[in-house]
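Listed here are the chains, written in short residue letters.
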Amino acid sequence: MILVSACLAGFNTKYDGKNNSHEIFEDMVRNKKAVPFCPEQAGGLPTPRIPAEIVGGDGFKVIEGKAKVLTKDGLDVTEYFIRGAEEALKLAKLIKAEAAILKSRSPSCGCRFIYDGKFDGTLKKGMGVTAAYLSAHGIKVIDSDDYLQGL
Ligand code: SF4
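Residues numbered from 1 in each chain as written. Predicted model: local features only at pLDDT ≥ 70, side-chain atom pairs only at ≥ 80, totals over all residues. Heavy atoms only, no water.

## Description of the side chain of Thr13
The topology assignment puts Thr13 in the loop between strand 1 (2-5) and helix 1 (23-30). The exposure class of Thr13 is buried, given its relative accessible area of 6%. Among the polar contacts listed, one links the side chain of Thr13 to the backbone nitrogen of Cys7, at a separation of 3.4 Å. Ignoring any residue separated from it by four or fewer positions in sequence, one finds Thr13 in contact with Ala6, Cys7, Lys18, Cys38, Gln41, Thr47 and Arg49. (Helix = DSSP H or I, 4+ residues; strand = E, 2+ residues; numbered from the N terminus. Buried < 20%, exposed > 50% of the residue type's maximum accessible area, 1.4 Å probe, protein only. Polar contact = N/O pair within 3.5 Å; in protein donor to acceptor, adjacent residues only side chain to side chain. Contact = heavy atoms within 4.5 Å.)

## A look at helix 5 (residues 129-136)
Where burial is concerned, most of helix 5 is hidden: six out of the eight residues are buried. Those residues of helix 5 that fall on the buried side of the exposure criterion are Val129, Thr130, Ala131, Ala132, Tyr133 and Leu134. Gly138, located one to two residues past helix 5, shows a positive phi value of around 85°.

## Some words on the site of the ligand
Surrounding the ligand, one finds 14 residues, the nearest of these being Cys7, Thr13, Cys38, Glu40 and Cys109. Cavity membership is defined here by more than half of the atoms lying within 2 Å of grid points; on that basis the ligand lies in the largest pocket. (Near = heavy atom within 4 Å. 1 Å grid on protein atoms, 1.4 Å probe; cavity = no way out; pocket = protein on both sides within 12 Å on 5 of 7 lines; lining within 4 Å. Sits in = over half its atoms within 2 Å of the grid points.)

## Brief notes about unusual backbone geometry
Between Thr47 and the following residue, Pro48, the backbone shows a cis peptide bond with an omega angle of -5°. One non-glycine residue, Arg105, lies in positive phi territory at about 75°. Mapped onto the secondary structure, Arg105 falls in the loop between strand 5 (99-102) and strand 6 (113-115). Its identity is not glycine, yet Phe119 carries a phi of approximately 60°, on the positive side.

## Some thoughts on the sheet that holds strand 8 (residues 140-143)
The parallel open sheet is built from four strands, whose spatial order is 2-1-5-8. Lying at the two open borders of the sheet, with one neighbouring strand each, are strand 2 (34-37) and strand 8. The mean angle between the axes of side-by-side strands here comes to 25°, regardless of whether they run parallel or antiparallel. With four bridges joining them, strand 1 and strand 2 adopt parallel strand pairing. What sits directly across from Val4, in strand 2, is Pro36. (Pairing = 2+ DSSP bridges. Axes fitted to C-alpha atoms, helices over the stretch in contact; angles between N-to-C directions.)

## A word on the nonpolar core
Residues Leu3, Val69, Leu102 and Leu134 are the most contacted members of the largest nonpolar core, which totals 29 residues. Those elements giving two or more residues to this core turn out to be strand 3 (52-55), helix 4 (78-94), strand 5 and helix 5. Examining the composition of this core, we find that six residues originate from one element, helix 4, more than from any other. Val69 has contacts with Ala52, Glu53, Ile54, Val62, Leu75, Asp76, Val77, Thr78, Phe81 and Val129, leaving out every residue within four places of it along the chain. In this structure, Phe25, Ala34, Ala99 and Ile142 belong to the second largest nonpolar core, which totals nine residues. (Core = buried A, V, L, I, M, F, W, Y, C linked by side-chain atoms within 4.5 Å.)

That's the geometry; what it means functionally is another story.
In structure tokens:
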């Protein structure tokens, strides 16, 4: 079984109330090969919500308590992101996920690049909080762009 970012499967879980739907991921869910999940919603954040970025590091640093997740207007939402990552791991274990396919560049789901915390669209290398947390607990994480390019 695969855990997949809910927005990739058409759920309107994005910060702006929209989605990143792709028929490949919708089919995965339809065919019972994947379970959709949004860590930011599960962590307790509303939708729509103010966009957030990791400031001072990547998802691993957030887990270590050495970086924060801040909204564009400066609110510290780190605890919501960590809670969402913990819930993602709970689900991954429940469904015995062999991997998670996660939305590129998200501060939760990004697996290879995330925004650099300045809210100017610049990317840096690193994982989001949920991707880092799942990875640290032995779940293989796959960036959604990489997955689609590899098809
Ligand atoms: Fe999609 Fe992940 Fe953002 Fe939720 S947290 S909207 S699943 S990229």
